[in-house]
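Here is how the chains run, residue by residue.
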Amino acid sequence: MGVFDRLPPMDHLRSEKMCFVQLIIPAESARVAVTYLGELGLLQFKDLNEDKSPFQRIFVNQVKRCAEMARKLRFFSDQINKAGVRSSVRPALEPDIDLEELEARLGEHEHELLEMNTNSDKLQQTYNELLEFKLVLTKAGGILASSHNHATSAERELDENVYDREVDEGNAYLLEQGVHQGSSGNSGVRFVSGIILKSKALAFERMLFRATRGNMLFNQAPAGEPVTDPISGEEVEKTVFVVFFSGEQAKAKILKICDSFGASCYPVPEEMIKQRQIFNEVSARLSDLEVTLDAGIQHRNKALETVGSQLWRWTIMVKKEKAVYDTLNMLNFDVTKKCLVGEGWCPIFAKSQIKDCLQRATFHSNSQVGIIFHEMDTLESPPTYFRTDKFTNAFQEIVDAYGVARYQEANPAVYSVVTFPFLFAVMFGDWGHGICLLLGALVLILCEKKLSSQKLGSFMEMAFGGRYVILLMAIFSIYCGLIYNEFFSVPFHIFGKSAYECREKSCSDAHTAGLIKVRDPYPFGVDPSWRGSRSELPFLNSLKMKMSILMGVAQMNLGIVLSYFDARFHGNALDIRYQFIPQMIFLNSLFGYLALLILIKWCTGSQADLYHVMIYMFLDPAGDLGENQLFWGQKELQILLLLMALVAVPWMLFPKPFILKKLHKERFQGHTYRFLGTSEMDPDSEPDSARARHDDFNFGEVFVHQMIHSIEFVLGAVSNTASYLRLWALSLAHSELSTVFYEKLLLLAWGRRRLMHVKFST
């Protein structure tokens, strides 16, 4: 333990030391001060108005204004995406504007855009109606022409009801009579023409037949092209219909049915001359509307381009303003002194920077009274803040996604800078793939200034934020690929000749003739002769599986060692004695011993079965090892390690809760006042003990918590070691898939191409 005590406290690997501060800000400089503090980003305000609803706070109207401007900006964004207008990636250079001017400009743009949308919708609806009228004139004119030619034999039958001969003859008589009269005002046959959805045509025909009791003649023809519905605005398939009937009552029924089915009725004259005249007029109006619609769309797109060039800049501005007023709503307003009082946390190193910001805010707001900034004492637990830069920020976010460390706790993100990309490289080690990944990372890094000022998509934004993570993954992937000797699954003799050659000098097929060792081992990485050999898969399986276990045991030991430094930093001797020590004993008695056996087997070249050794270490500790004995005294060592692992479990479980109970009892009997000043023996300072500043000590809760922690560690030691075997599984899967892709796709395609070339040349 003396060695660990002499090590440095690792202050630079922990969260920053925080202090609780109070700010008294004059009302006239409050907005500017909070804006500058927000740009600095080193002060976290505490909400002093938790008892108030959002609508009872001081700056609720300003927040509503910002929310309304944000709604307008979202409306502009939706309109730009809907119109397919490509906004400028870089915003146009314009002079800075204040919030009031931006609000007025957004209102003008919204009013203009809504007016253009309304006019465009009306013109589009008129255009769609005229297009339907044109189709009805075309199709209904053909139906009427055939009726004038006495094409009564082409009358249609309903699918559900079959007309009898008398009804057909009566309809033919009525139609013939109406055509001869040629006047819709007489008592002869009349007709209604229109257009209806194709899916409703059959039900529409049936309803007409039932309503008129069969005293009608229904003719229909497909529109021939998709039509934009005037009401819904969607393109649909429609059918043109002409209904012949007789009588005013039948006409009223038919029009009501048309209205209920959503059919559009259009007047079509019987005379061909009038039909042609109306058709020409409709066509001319359609042409004029097309020109008008195109001009309106161009004008609207230009307006959207103007808005789109500043949309990103305006959005950032509105978000900042809303954040400022949300922060101001967290402060108390002193009516008598006309100032705002705020409290919050800041790192100790940032106090000078915060004071400079407050001085600049006082100067720029022309305030006669300065901002008061002073520290305060508090019993609350400070928040966790880690200083990061563009390189370490992505690693810190990866760690924070699993959980944020407690205040002044060791930061695992420092170690993940190396472990995370290296474990990726173990799974996907291929220096060909690594070079491709490296080129992509270098492009993101070299274009860093350009990409940081642009609005990126979700995928590109994620890749750009983790560009340094990708860079390290690529570098480690190249390194592990050189160890695996894989370049898109193809081995190369980079570091010299292979240690193996054919048994006979005349052989050329190493897979069937066999190999013998003729020189020293390959100097770096896997010997290329293993690739394609019969024992390739068993050899790589054994190598990568054992390597994964070694890495897993090493990383789990690192985590336990970090818990020691945390307990030592906080002066918590109970955690060192009753958690760190038994955890190290349990983990290394079982899995540390397994890692030792792997190293001994590699160094000695033994053929011992490690599965058999570990299984019978539990089932038959005193049994004879036989051929599986790797060193002298192995059996006695296994018995000792097994006993140590069994002792470590109750060591973790029982002592700490009973010691905490004893300390709590003595504390309130007045026997341990000398321990109250130290965090080592103070039960309230223990993170796993009863909560601080509570007089009651729940022993059952503490014991159950410690029991869960102990069981979780024992089971986690087994499951986590097995989880590290994923490194082996994914590495093997990546290698085999690359081999299949190379042999079954690239080589096969190249062979066919060469064969076809030979055929054509012969």
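Reading guide: rules and limits
- Residues numbered from 1 in each chain as written.
- Predicted model: local features only at pLDDT ≥ 70, side-chain atom pairs only at ≥ 80, totals over all residues.
- Heavy atoms only, no water.
- Helix = DSSP H or I, 4+ residues; strand = E, 2+ residues; numbered from the N terminus.
- Buried < 20%, exposed > 50% of the residue type's maximum accessible area, 1.4 Å probe, protein only.
- Contact = heavy atoms within 4.5 Å.
- Areas by Shrake-Rupley, 256 points an atom, 1.4 Å probe, with all protein chains shown as cover.
- Expected span 1.5 Å × (residues − 1).
- Bend = angle between axes of the 7 residues up to and from the residue.
- Salt bridge = Lys/Arg side-chain N within 4 Å of Asp/Glu carboxyl O.
- UniProt positions renumbered as here; feature names shortened; annotations may be inferred.
- Pairing = 2+ DSSP bridges.
- Patch = residues over 30% accessible without salt bridge, like charges linked within 9 Å, V, L, I, M, F, W, Y side chains within 5 Å.
- Phe/Tyr/Trp six-rings, centres within 6.5 Å; stacked < 30°, edge-to-face > 60°.
- Axes fitted to C-alpha atoms, helices over the stretch in contact; angles between N-to-C directions.

Moving on, we come to the overall build of the chain. The helix and strand inventory of the chain stands at 23 helices and 13 strands. The proportion of buried residues among the 762 residues of the chain is 41%. Contacts in the chain between residues at least 24 apart in sequence constitute 77% of all its contacts with a sequence separation of at least 6. Of the accessible surface of the chain, which amounts to about 43,800 Å², a share of 58% is contributed by carbon and sulfur atoms.

Quick look at helix α11 (residues 413–427) now. Taking 1.5 Å of rise per residue, the 15 residues of α11 would be expected to cover 21 Å, and the 20 Å separating its terminal C-alpha atoms lies within 8% of that figure. Its maximal kink placed at T419, α11 deviates by approximately 25 degrees, while the proline P421 follows within four residues. Every buried residue of α11 is listed here: A413, S416, V417, P421, L423, A425, V426 and M427.

Moving on, we get to the pattern of salt bridges. Tallying each qualifying case throughout the model produces 18 salt bridges. Linking R14 and D566 is a salt bridge whose minimum nitrogen-to-oxygen distance equals 2.5 Å. Residue R14 is located in the loop between α1 (2–5) and β1 (18–26), and its partner D566 is located in helix α17 (residues 536–569); the two are separated by 552 residues in the primary sequence. Exposure remark for R14: the relative accessible area of 5% places this residue in the buried category.

Okay, the UniProt feature "coiled-coil region" (unreviewed entry) in the chain next. Cross-referencing UniProt, the feature "coiled-coil region" (unreviewed entry) maps to residues 99–126 in the present numbering. Counted over residues 99–126, helix gives 100% and strand 0%. Its end C-alpha atoms are 40 Å apart.

The next thing to look at is the pairing of β1. Most of β1 sits out of view: eight of its nine residues are buried. In the sheet, β1 pairs with strand β11 (residues 372–376) via five bridges, with the strands oriented antiparallel. In the strand pairing of β11, L23 is matched with F373.

What follows is about a nonpolar patch on the surface. Taken together, the side chains of Y611, I615, Y616, F618 and L619 make up a nonpolar region of the molecular surface, amounting to roughly 570 Å² of accessible area. Within the secondary structure, L619 sits in helix α19 (residues 610–619). In this structure L619 comes out as exposed when scored by relative accessible area, which is 64%.

Sites flagged by UniProt as "transmembrane region" (unreviewed entry) map to residues 422–447, 468–485, 547–565, 585–602 and 637–654. With 100% helix and 0% strand, residues 585–602 has end C-alpha atoms that lie 24 Å from one another.

Here the focus is unusual backbone geometry. Its identity as a non-glycine residue notwithstanding, Q408 has a phi of 65 degrees, on the positive side. Mapping Q408 onto the fold places it in the loop between α10 (393–402) and α11. A relative accessible area of 7% means that Q408 is categorised as buried. For F488, which is not a glycine, the phi torsion comes out positive at approximately 55 degrees. Locating F488 in the fold gives a position in the loop between α15 (467–484) and β12 (500–502). Here F488 falls in the partly exposed class, since its relative accessible area comes to 32%.

Moving on: the packing of aromatic side chains. Each aromatic ring pair is characterised by the separation of its centres together with the angle its planes make. Under the criterion given, the structure shown has 28 aromatic pairs. With a centroid separation of 6.5 Å and an interplanar angle of 75 degrees, the aromatic rings of F495 and Y522 are classed as edge-to-face. Here F495 is found in the loop between α15 and β12, whereas its partner Y522 is found in the loop between β13 (515–517) and α17, with 27 residues between them in sequence. The buried category is assigned to Y522, whose relative accessible area is 9%.

As a further point, take α10. Residues of α10 that are buried include every one of A394, F395, Q396 and V399, and no others. Looking at the buried residues of α10, the elements they touch are α11, α14 (458–465) and α15. Positive phi appears at G403, one or two residues downstream of α10, with a value of about 160 degrees.

With respect to the element layout, S29 can be found in the loop between β1 and α2 (30–40). Judged by relative accessible area, which is 0%, S29 ranks as buried. The contacts of S29, once residues within four sequence positions are left out, are A361, S365, S367 and I371.

Another point: the sheet that holds strand β4 (residues 217–222). Note: strands within a sheet are paired through backbone hydrogen bonds, in either parallel or antiparallel orientation. Spatial ordering of the open sheet is given by β4-β7-β3-β8, a layout of four strands whose pairing is antiparallel. Edge strands, defined here as strands with exactly one partner in the open sheet, are β4 and β8 (264–265). Two strands pair when backbone bridges link them, and β4 and strand β7 (residues 238–245) are joined in this way by six bridges, in the antiparallel orientation. Counted as the bridge partner of L217 is F244 from β7. Packing of helix α6 (residues 201–211) onto the sheet brings it into contact with β3 (190–197), β4 and β7, and relative to β4 it is tilted by some 170 degrees. The sheet strands contacting helix α7 (residues 248–260) are β3, β7 and β8, and the helix crosses β7 at an angle near 165 degrees.

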